Amino acid sequence: MPKVIKNVGCPYCGTCCDDVEVTVSDDGKRVLEVKNVCAIGTQIFMHGGDHEGRIKLPRMRQPDGSMKDVSFEEAIDYTAKVLLKAKKPLMYGFGSTNCEGHAAAARVMERSGGCLDNCASICHGSSFLAIFDNGYPSCTLGEVKNRADVVVFWGSNPAHAHPRHMSRYSIFPRGFFTGKGHNSRTVIVIDPRYTDTARVADHYLQVRQGHDYELFDAFRMVCHGHEDDIPDVVANIPKEKILEVAEIIKNARYCNFFYGMGLCHSDGRNHNIDIAISLTRDLNEFTKCTIMAMRGHYNITGPGAVWSWQFGFPYCLDLTKKTMVHMNPGETSSVDLAMRDEVDAFINIGTDAGAHFPIPAVQHLKKHPFITVDPHINMASEISDLHVPVKICGVDDGGIVYRMDNVPIQYRKVVDAPEGVPSDEEFLDAVYNRMVELEGDGFL
Ligand code: SF4
């Protein structure tokens, strides 16, 4: 009899929906149906929960350029030797694995004396820089659901990037103090494009691309009583509209700003975020106001939490000194290291640097041993010297993940993994043990 498993977590975006229902085959090997999940999440479960087409053995590049299946023991031995031989290896990724995998990676890279970084360095890393400078007056998604009567999406488009965010937390749900759901809330979208999120907004501000800082500045001028001094148009937005929206926010009972790549990836980067945080602070003179980064992958918040606890820094870790950690994005961030050709081995894990890094960075990385640890074939695996298949957290492996608001959630496995395929943690622990075998006591 097929079995229905409830309260399953979706391993795709930072919304971390944990109300998914999955029907699995009676042998516990296949996903037959999923409910309460968006189109993206559906694909994760249906594809991952079907052993057909899954990679079941590591694949090693041969001298003629072809890939050949090898045993997991060979893959572990190769990875350990690459890490021990390299002067400055880099392990990067981790948006799509569990916190147990993050901790295992930290053990390996501490021992090998390399750099350890996660996808934040090409995503919300600019948020970290702003938070270091200016703090993070944030909240949980439950507070938004239950209290927020004004919701601002600034440079974020959850209709496409976090599809159930609006229905679970930010616009449509009926919360404790927001009993009329959507009718309880005023939704404001600020974006250069008229996105599908903008379609549900009560107020849409079409900011000129790359000029968000000026618009934040104008809102802050209003908060500080200097509205007379702002020009008639700021960043494409008429002054009357700025005053109207500022009044709505100031009169909110509770307002939250959700921001995304529109701020992190445009001119100004971390300074767009630090002025957003300053505006949030200013608004607390008038109302209760919070801000939240729309973190991307389901557990990209995880490495920030795990490594901050272990090392004191959330990303861009330089462990080459072995006895102390150094973090300086721009110097120790993955793309910068790659562009300067500073690393001499690369491990891509729980991400696809082949697809998402700039091509010159990938070309530098490709000059050295390049290993991909990932359940599927992707662009990184296709240019790798070794591709190691692993379990998929949330589908055939459990573990802790951190939602975009730093709330930890226990994910569960719903089907059995293909036989013999390890989790990220199991593979990395085996690499660590092999390094100890090879290196003996010569750690430091
Ligand atoms: S919104 Fe995100 S977490 Fe929720 S089902 Fe869709 S992809 Fe999964």
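Below: a short report on this structure. (Residues numbered from 1 in each chain as written. Predicted model: local features only at pLDDT ≥ 70, side-chain atom pairs only at ≥ 80, totals over all residues. Heavy atoms only, no water.)

1. Side note on the sheet that holds strand β8 (residues 150-154)
Each strand in a sheet pairs with another by means of backbone hydrogen bonds, the pair being arranged parallel or else antiparallel.
1) Next: Strand order in the open sheet made by the 5 strands is β10-β9-β8-β13-β14, with parallel pairing throughout. Of all the strands in the sheet, the pair left with one neighbour each is β10 (203-205) and β14 (288-293). With direction set aside, neighbouring strand axes in the sheet form an average angle of 15 degrees.
2) Next: Helix α10 (residues 239-250) contacts β8, β9 (186-190), β10 and β13 (254-259) of the sheet and is inclined by roughly 130 degrees relative to β10.
3) Next: Taken strand by strand, helix α12 (residues 270-283) contacts β13 and β14, and its axis lies near 160 degrees from that of β14. (Pairing = 2+ DSSP bridges. Helix = DSSP H or I, 4+ residues; strand = E, 2+ residues; numbered from the N terminus. Axes fitted to C-alpha atoms, helices over the stretch in contact; angles between N-to-C directions. Contact = heavy atoms within 4.5 Å.)

2. Here's the deal with the environment of Gly 155
1) Next: Following the sequence through the fold, Gly 155 ends up in the loop between β8 and α6 (158-161).
2) Next: By relative accessible area, which is 11% here, Gly 155 ends up buried.
3) Next: In sequence terms Gly 155 and Gln 209 are 54 residues apart; their C-alpha atoms lie 9.8 Å from each other.
4) Next: The contact partners of Gly 155, leaving out residues within four places of it in the chain, are Ile 190, Asp 191, Gly 260, Met 261, Gly 262 and Leu 263. (Buried < 20%, exposed > 50% of the residue type's maximum accessible area, 1.4 Å probe, protein only.)

3. As for unusual backbone geometry
1) Next: One non-glycine residue with positive phi stands out, namely Lys 322, at about 65 degrees.
2) Next: If you trace the backbone, Lys 322 turns up in the loop between β15 (317-318) and β16 (326-327).
3) Next: Residue Lys 322 is classed as partly exposed on the basis of its relative accessible area, which comes to 24%.
4) Next: We note that Asp 341 has phi near 55 degrees; this positive angle belongs to a residue other than glycine.
5) Next: By secondary structure assignment, the location of Asp 341 is in the loop between α14 (334-339) and β17 (345-349).
6) Next: Assessed through its relative accessible area of 28%, Asp 341 is described here as partly exposed.

4. With respect to the pattern of salt bridges
Pairing of side chains with opposite charge becomes possible as their charged atoms draw close.
1) Next: Under the counting rule described, the total for this entry stands at 21 salt bridges.
2) Next: We note a salt bridge from Arg 199 to Asp 196, for which the minimum N-O separation is 2.8 Å. Taken together, the positions of Arg 199 and Asp 196, both in helix α8 (residues 196-199) and 3 residues apart, correspond to about one turn of that helix.
3) Next: Given the relative accessible area of 58%, Arg 199 is considered exposed.
4) Next: We classify Asp 196 as partly exposed; its relative accessible area is 33%.
5) Next: Among the salt bridges present, the one from Arg 220 reaches Asp 282, with a minimum N-O distance of 2.6 Å. Here Asp 282 lies in helix α12 and Arg 220 lies in helix α9 (residues 212-223), a separation of 62 residues in the sequence.
6) Next: Taken together, the shared-partner salt bridges in this structure form one network comprising Asp 18, Asp 19, Arg 164 and Arg 168. (Salt bridge = Lys/Arg side-chain N within 4 Å of Asp/Glu carboxyl O.)

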